[in-house]
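# What the coordinates show
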Amino acid sequence: MFKVLTCLVVEHNPKLVALAALICFLSSYGAVALLQRARGSSGKARTIWAVAAGIASGFGIWATHFIAMLAYDPGVVLGYQTDLTALSLAVAIVLTTTALLIATCVQDRQAWIAGGLVLGAGVACMHFLGMAALDVPGNLRWDATLVVASIVLGSLFDIGALGTIACMGKPLKAKIIATLLMTLGIVALHFTAMGAVTIEVGLITPTYEGMIQPHLLAFVIAGTAFFLLSLVLVAAGFAHHAELSAAATEREFTRFVRSVKDYAIYMLDVDGRVASWNAGAEANKGYAAEEIIGKNFACFYSDDDQRDGLPRRALEVAMVEGKFENEGWRYRKDGSRFWAHVVIDPFLDEQGKHAGFIKIVKDTTKAKADADRIAEVSNNLDVALENMSQGICLFDSDDRLLLSNRRCREIFGFSETLAGKGLTFREIVDIVFARIYAEPEIARAKAEELYQKHRIEMVGKGGGDIVEKLANGRSILTKHRTLPDGGWVSTYEDITERLDTEEQITFLARHDSLTGLPNRLQFSSYLEEELDAAAWFNRKVAVIGIDLNKFKEVNDLHGHAAGDFVLVTIAQRVKGLLQEGEFVARLGGDEFAAVKRFEELAELNDFLRRIEKSLHEGEMRFGDFELKSGGSMGVAIYPQDAETADTLINNADLAMYRAKAALNQTVCFYEVSMDEAARQRRALANDLWDSVDKKQLALHYQVQKSVMTGVVIGYEVLLRWHHPERGMVPPSEFIPLAEECGAILPIGEWVLREACREAAGWESNHKIAVNLSPVQLANGDIVSLVQDVLAETGLNPNRLELEITESTIIDDKERALLTLRQIKELGVTIAIDDFGTGYSSLETLRSFPFDKIKLDKSFMWEVEGSPQAKAIVRAILALGQSLSVPVLAEGVETQTQLDILQAEGCDEAQGYLLGRPAPITLLFSGDEEAAAA
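Owing to the predicted nature of the structure, the values given are computational and were not obtained by experimental measurement.

Let's shift gears to the overall build of the protein chain. Scanning the protein chain from N- to C-terminus turns up 35 helices and 30 strands. A burial count over the protein chain gives 44% of its 933 residues as buried. In the protein chain, the share of contacts with a sequence separation of at least 24, taken over all contacts with a separation of at least 6, comes to 61%. Approximately 47000 Å² of the protein chain is accessible, and the part contributed by carbon and sulfur atoms is 57%.

Written out as structure tokens, the structure is:
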């Protein structure tokens, strides 16, 4: 070591030594800077930077050596062999570059150790080759110990320098330390090796041919040094600037990525674990960075997607195709989901190996909802368009078809390929008419006519409605509506059924739906027209009212279907006989009316005979039944009977009712006396409504006795009306009138209440029998009325007996029998009156447990002289006995009649023989003569 120091201090020029050290430091600094840059790069860039560092370092080592050699003064003249000098430079560059490539490309500890050894070997080879190029007048003698020491020192310092670059985290500090260590390694090796050499001067004079003279070498080294210094400084500056720019760019990019909130941007490692997390990711998915980093990104998928392996397949697609892009549902930390647009890109590390993935996620839930809504609306519009009952076409401003729906193609028989072909409206019209008409000229003419007609509606009127009837008989309603841009929309509706329906409705509005005859509305209109014409032409017009006989019996006995059959049959007969000037209508029910225009009465009589014949000719078979028809007609003539339609119809009705009342007359002409009778009947009906309030009504009672014992068992309540002007009005006259006008309801209520009130005050417990009108049973709550009257008067319910006729329940049998059962549940008894006449069906007796059967008085009038009447009485009495229902015979006026009843076993009887109707006060006083009066 002393020899080394002596050599350095004594045999070297201090200034040149310092210069050599400076050049060594600068070249080492440049090499370290370039080496750091190489380690921070990848691929070819890494190799380029490492080679540049090797070349710079090789030049630096070589320059350091020869500048230091210029500083060496052994006391003899020195020279340098050109080939060895050049070889030493090449060896320095090659080995130094090799060492730095090893230290750069291999990342473990052995790499920088091996690199340090190669670098030390390179410096040593360069030094000793340079020394071998030295030509001196003598011999060189080496100290082996110092030679080895120089190589070891150089290698150790170089290993330390490379190790510092590889292991130290702070780049600037590592750069300085590594530069110092590399400089020390070069200097230590050079000067230690220089201390190991001794020049033994000989007597031989050196030859300088092919040698580099020291002054030339100094020039070359100086140039090389300056070049190297400039190269190193420039390279180092570029490297530093590049590092600063890269760092700034990375910081800006990192700051940008972390600040983005609309996109979730984060990195995944090769296994799909989250490695970074930006603000957008936190905002979109709800995880803080410390919560999610290190977890697998599969947690953003649903459980089903995870089971199906979707996260793994997404990474595989990104690796194979270089990118994965898709949309789907993703889930936040709180479990809510959002529709995400996802992009996954793989990335590589510095060595070009797969290092992970970059994932960008955009929340597009709103966009998806908007798109779904638009798609739904569009789909709904398409569905609505294709399922419209109207055809629709959209044309542009050039009359070209843009759109048509299925219904349009069905109406006109278009093919699917017709729509969207850009056909003009005129071309479509030509196609349609070419299909309809075989002759081209006719088809073109018809097409031109229709085209001009529609263009007038569109252009001239700005749109309109047109009804066209197609060749197939269908009626099409076309509506054109112009658009602001010059185009137009046409709708086509098949209104064939609607027109048919309207015609049918119009027909039904003026005709009877059952028979097809004109109805009351059409009859009134026709009659008004005929009367106007008759006044103008001085003609006569007859109005005939027609009513079928016994039509109600047909309905009741055979059902409404049989009644409809009768109506239809008669209507067909009447329509078949009509001639000019004759008209027949059905006004409702079994009521018809006819109009006859005539000049001679013989014409009217002929019409009446034909109608009468159609009503009576032959029987009508309905099922197994033969139905007989017939009718009554009333005639009123314009202008002798009336001058207005309403009066004519009214007078014809009056005449018709007269005909129905007659026994041997089917046609009756109107007379003025009929109108007077009708007025009197209306006046009497008005008086009936006031009879209760004016106390004109009174109750009479007719006794009912046991046939066998003669004991009084009860009284039938009979109504009497004392009119202030007409006197006593017979019940047979005012009772039907009261039922017809509705006055029977208040009158019947008064009778029931008054009878119960009087009977409740009797000392005896005899029953009272009150007749119940069919109108009372059908209208109002008769059950509540009976219950209220019994409660008000205090009459025992078993003392009250209500009498009904079978015709009372025939219209609505189920409802009537239900009402009677409710009355009977009150304790009131029910008797069937006038049995043996009218219907008298056994079904009625079976359907309801009547408490008494009242035998009609008409049988008692004939029982003495008619065996048939006596047989009927016997049969009814036997029926009552078999049903355990007592039978009461009405109208007993002779002792013979009573004897017959006793012989036949009749239970009860009433009649003039047993007692005449009278006020109860006279009956209880025993004044029979007064009662009879």
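Let us now look at the environment of Ala275. The topology assignment puts Ala275 in the loop between strand E6 (263–268) and helix H9 (279–285). Here the alpha-carbon distance between Ala275 and Gly294, two residues 19 residues apart in the chain, equals 6.3 Å. Non-local contacts of Ala275, meaning those with residues more than four positions away in its chain, are made with Met267, Leu268, Asp269 and Ile293.

A word on a nonpolar patch on the surface. On the surface, Phe25, Leu172, Ile176 and Leu180 cluster together into a nonpolar patch covering about 370 Å² of accessible area. Here the nonpolar patch takes 3 residues from helix H7 (residues 171–195), the largest share from any one element. Considering the arrangement of structural elements, one finds Ile176 in helix H7. You can call Ile176 partly exposed: its relative accessible area is 44%.

Another aspect to go through is the sheet that holds strand E9 (residues 354–363). In spatial order, the strands read E6-E9-E8-E7; together these 4 strands make up an open sheet with antiparallel pairing. The open sheet has two edge strands, E6 and strand E7 (324–331), and neither has a second partner. Within the sheet, the average angular offset between the axes of one strand and its neighbour, ignoring direction, is 30 degrees. Across 8 bridges, E7 lies against strand E8 (residues 337–348) in antiparallel orientation.

So, about the pairing of strand E16 (residues 582–588). Of all 7 residues that make up E16, 6 are buried, and the element is covered over most of its length. Here 6 bridges tie E16 to strand E17 (residues 591–598), and the two strands are oriented antiparallel to one another. Looking at the pairing, Val584 lines up with Ala594 of E17. What sits between E16 and E17 in their antiparallel hairpin is a turn of 2 residues, with Gly589 showing a positive phi close to 60 degrees.

For the rest of this paragraph, the subject is the pattern of salt bridges. Applying the stated criterion across every chain, the model contains 26 salt bridges. Between Asp269 and Arg273 there is a salt bridge, and its shortest N-O distance comes to 3.0 Å. Arg273 gets classed as partly exposed once you look at its relative accessible area, which sits at 36%.

The biggest cluster of nonpolar side chains holds 74 residues, and the ones touching the most others in it are Tyr701, Leu752, Ile768, Val770, Leu800, Leu802 and Leu901. Per-element accounting of this core gives the leading share, 7 residues, to helix H25 (residues 744–760). Look past the residues within four positions of Tyr701 in its chain and what remains in contact with it is Tyr715, Glu716, Val717, Ala755, Glu758, Trp762, Ile768, Arg916, Pro917, Ala918, Ile920 and Leu923. One finds Leu517, Ile546, Ala562 and Leu604 within the second-largest nonpolar core, a separate group that totals 29 residues.

Per the stated rule, a full pass over the model turns up 13 aromatic pairs. Both rings, one in Phe395 and one in Phe425, keep their centres 5.7 Å apart while their planes meet at 85 degrees; by these two values the pair is edge-to-face. Highlighted residues: Phe395 in strand E10 (residues 391–395) and Phe425 in helix H15 (residues 425–436), separated in sequence by 30 residues. Take Phe395 and Phe425: they sit in the same class, and that class is buried. Ring plane angle 70 degrees and centroid distance 4.9 Å describe the contact between Phe848 and Phe850, whose orientation is recorded as edge-to-face.

So, about a negative patch on the surface. Among the surface-exposed residues, Glu528, Glu529, Asp532 and Asp646 lie close enough to one another that they form a single negatively charged patch. The element contributing the most residues to the negative patch is helix H18 (residues 520–537), with 3 residues. Counting through the fold element by element, Glu528 comes out in helix H18. Assessed through its relative accessible area of 40%, Glu528 is described here as partly exposed.

Between its terminal C-alpha atoms H15 stretches 17 Å, which fits the 16 Å expected from 12 residues at 1.5 Å a residue. Every buried residue of H15 is listed here: Phe425, Ile428, Val429, Val432 and Phe433. Summarising the axial view, the buried residues of H15 lie within an arc of 125 degrees, below the 170-degree limit, and thus occupy one face.

The next point concerns the packing of helix H20 (residues 560–577) against helix H21 (residues 601–616). Packing of H20 against H21 leaves a shortest axis separation of 9 Å and a crossing angle of 150 degrees. What the angle tells us is that H20 and H21 run roughly antiparallel. In this structure, H20 meets H21 at a crossing whose hand is right-handed. Listed contacts from H21 to Ile570, Arg573, Val574 and Leu577 of H20 are Phe607, Arg610, Ile611, Ser614 and Leu615. Across the contact of H20 with H21, the residue classes break down as 6 nonpolar, 1 polar and 2 charged.

The next subject is the packing of H18 against helix H22 (residues 645–661). At their nearest, the axes of H18 and H22 sit 10 Å apart, and the two run at 115 degrees to each other. On the basis of their axis angle, the class for H18 and H22 is roughly perpendicular. By crossing handedness, the relation of H18 to H22 is classed as right-handed. In this structure, H18 contributes Phe523, Leu527, Glu528 and Leu531 to the contact, and H22 contributes Ala645, Leu648 and Ile649.

Attention shifts here to the sheet that holds strand E20 (residues 631–638). Two pairing modes exist for strands in a sheet, parallel and antiparallel, and in both the strands are linked by backbone hydrogen bonds. Spatially, the 5 strands line up as an open sheet ordered E16-E17-E15-E20-E21, and their pairing is mixed. Of all the strands in the sheet, just E16 and strand E21 (667–669) have a single pairing partner and so form its edges. Across the sheet, the axes of successive neighbouring strands diverge by a mean angle of 20 degrees, strand direction being ignored. In this fold H22 packs onto strand E15 (540–548), E17, E20 and E21, with an angle of close to 145 degrees to the strand it touches most, E20.

For the rest of this paragraph, the subject is helix H33 (residues 895–904). Two residues of an α-helix separated by three or four positions point the same way, owing to the 3.6 residues in each turn. The complete set of buried residues in H33 reads Gln897, Leu898, Ile900, Leu901 and Glu904. Take H33 and look down its axis: the buried residues cluster within an arc of 160 degrees, on one side only. Of the residues one or two after H33, Gly905 is the one with positive phi, at around 85 degrees.

The element E17 is extensively covered by neighbouring structure, given that 6 of its 8 residues are classed as buried. Both E15 and E17 contribute to a ladder of 8 bridges, which runs antiparallel. What sits directly across from Ile546, in E17, is Phe592.

Procedures and definitions
Residues numbered from 1 in each chain as written. Predicted model: local features only at pLDDT ≥ 70, side-chain atom pairs only at ≥ 80, totals over all residues. Heavy atoms only, no water. Helix = DSSP H or I, 4+ residues; strand = E, 2+ residues; numbered from the N terminus. Buried < 20%, exposed > 50% of the residue type's maximum accessible area, 1.4 Å probe, protein only. Contact = heavy atoms within 4.5 Å. Areas by Shrake-Rupley, 256 points an atom, 1.4 Å probe, with all protein chains shown as cover. Patch = residues over 30% accessible without salt bridge, like charges linked within 9 Å, V, L, I, M, F, W, Y side chains within 5 Å. Salt bridge = Lys/Arg side-chain N within 4 Å of Asp/Glu carboxyl O. Pairing = 2+ DSSP bridges. Axes fitted to C-alpha atoms, helices over the stretch in contact; angles between N-to-C directions. Core = buried A, V, L, I, M, F, W, Y, C linked by side-chain atoms within 4.5 Å. Phe/Tyr/Trp six-rings, centres within 6.5 Å; stacked < 30°, edge-to-face > 60°. Lys, Arg positive; Asp, Glu negative; His and termini not counted. Charge placed at Lys NZ, Arg CZ, Asp CG, Glu CD. Expected span 1.5 Å × (residues − 1). Arc of directions from axis to C-beta. Parallel < 35°, antiparallel > 145°, perpendicular 65-115°, else oblique. Left-handed = near helix turned anticlockwise from the far one by under 90°. Nonpolar A, V, L, I, M, F, W, Y, C, P; charged D, E, K, R; others polar.

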